[in-house]
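Below, each chain spelled out in residue letters.
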Amino acid sequence: MNTSNSGNVGIVIVSHSPKIAEGAADMVRQMVGNAVPLAWTGGDIDGGLGTNVAGILEAIETAWSPAGVAILVDLGGAETNSEMAVEMLPEDRRARVVVCNAPVVEGAVIAATESSGGSSLAAVKHSAEEFYA
Amino acid sequence: MPDANASRATESSVPLMASVVLVNPVGLHARPSVKLTQCAKGFAARIELALSAEGPWTDAKSPVKVMRVKAPQGATLHFRVTGADGEAALAAVLALVRDGFGES
């Protein structure tokens, strides 16, 4: 899923459950609007609960912005697979993608809010991570 | 004695102050907080809000901090604004709150 092209930081939502990922993306769209590139992915390659690197790479591509991409994840594998996906990116993009240490739903809304104001990738990550501060 | 213009903060350290009552039914919950921070981020001025004129003051550009204020309907929101575009910023946030964030 995607929409919106802009220079704002892109947001990627990664959950073990495609329903959670899609629902979180719906919340971002409804609460924050369309000024932020957004993509979600969830489920393993067989359609069960899980995450997969290919799906995450695709989501990063969909939400790509020159300002970078912030990834919000839920549990364990979502984080390790996201980190693996970042490792697999071309070198010039790798440094512009971060995995946020934030709750997936709340973090996605907050990160998108920060991004919609034109904030930098570092500011977007910092704002999302304020939830645990 | 400061003259009358001293309170019209340009780059001075004297902030503009105003207060407004929250009219929308849910108060300053998630969605209104997002709208308020988005509005505030459109200005260079430092914009802070509080439930009392004495503070504590919260950065109106931080969605997490604004949500933590948990201001209910009927609460009075105080704004403190400093910066070159402070007057426009204050007018914009006040209008947004008075409009019930487009919800009421």
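Residues numbered from 1 in each chain as written. Chains lettered and ligands numbered in written order. Predicted model: local features only at pLDDT ≥ 70, side-chain atom pairs only at ≥ 80, totals over all residues.

**Section: the overall build of chain A**
- The number of helices and strands found in chain A is six helices and four strands.
- In terms of overall dimensions, chain A is globule-like: its C-alpha atoms have a radius of gyration of 13 Å, near the 14 Å expected for 133 residues.
- Overall, the C-alpha framework of chain A stretches about 40 × 30 × 30 Å when taken along its three principal axes.
- Of all 133 residues assigned to chain A, the portion counted as buried reaches 47%. (Helix = DSSP H or I, 4+ residues; strand = E, 2+ residues; numbered from the N terminus. Rg over C-alpha atoms; globule rule 2.2 N^0.38 Å. Buried ≥ 20, exposed ≤ 12 C-beta atoms within 10 Å, placed from the backbone.)

**Digging into the overall build of chain B**
- When its secondary structure is counted, chain B shows three helices and four strands.
- Helices and strands in chain B line up, N terminus first, as β-α-β-β-α-β-α.
- Within chain B, the proportion of its 104 residues that are buried is 36%.

**Structural notes on the interface of chain A and chain B**
- Contact residues are listed per partner, giving eleven residues for chain A and nine residues for chain B.
- Residue assignment for the side of chain A that touches chain B shows that the elements contributing at least two residues are helix 1 (18-32) and helix 5 (104-116) of chain A. (Contact = placed C-beta atoms within 7 Å.)

**Some thoughts on the packing of helix 1 (residues 30-41) of chain B against helix 3 (residues 86-98) of chain B**
All names here are of chain B.
- Packing of helix 1 against helix 3 leaves a shortest axis separation of 9 Å and a crossing angle of 160 degrees. Judged by the angle between their axes, helix 1 and helix 3 are roughly antiparallel. The two elements helix 1 and helix 3 cross, and the hand of that crossing is right-handed. Of the residues in helix 3, those touching helix 1 at Lys35, Leu36, Cys39 and Ala40 are Ala92, Val93 and Leu96.
- Among the residues making up the contact of helix 1 with helix 3, the classes are represented as six nonpolar, no polar and one charged. (Axes fitted to C-alpha atoms, helices over the stretch in contact; angles between N-to-C directions. Parallel < 35°, antiparallel > 145°, perpendicular 65-115°, else oblique. Left-handed = near helix turned anticlockwise from the far one by under 90°. Nonpolar A, V, L, I, M, F, W, Y, C, P; charged D, E, K, R; others polar.)

**Comments concerning the sheet that holds strand 4 (residues 97-100) of chain A**
All names here are of chain A.
- Taken in spatial order, the four strands make up an open sheet running 2-1-3-4, and their pairing is parallel. Each edge of the open sheet carries a strand with a single partner, namely strand 2 (38-42) and strand 4. Taken over all neighbouring pairs, the strand axes of this sheet differ in orientation by 20 degrees on average, direction set aside.
- Along the sheet face, helix 1 touches strand 1 (10-15) and strand 2 and points at about 165 degrees away from the line of strand 2.
- Packed on one face of the sheet, helix 5 meets strand 1, strand 2, strand 3 (69-73) and strand 4 and runs near 175 degrees to strand 1. (Pairing = 2+ DSSP bridges.)

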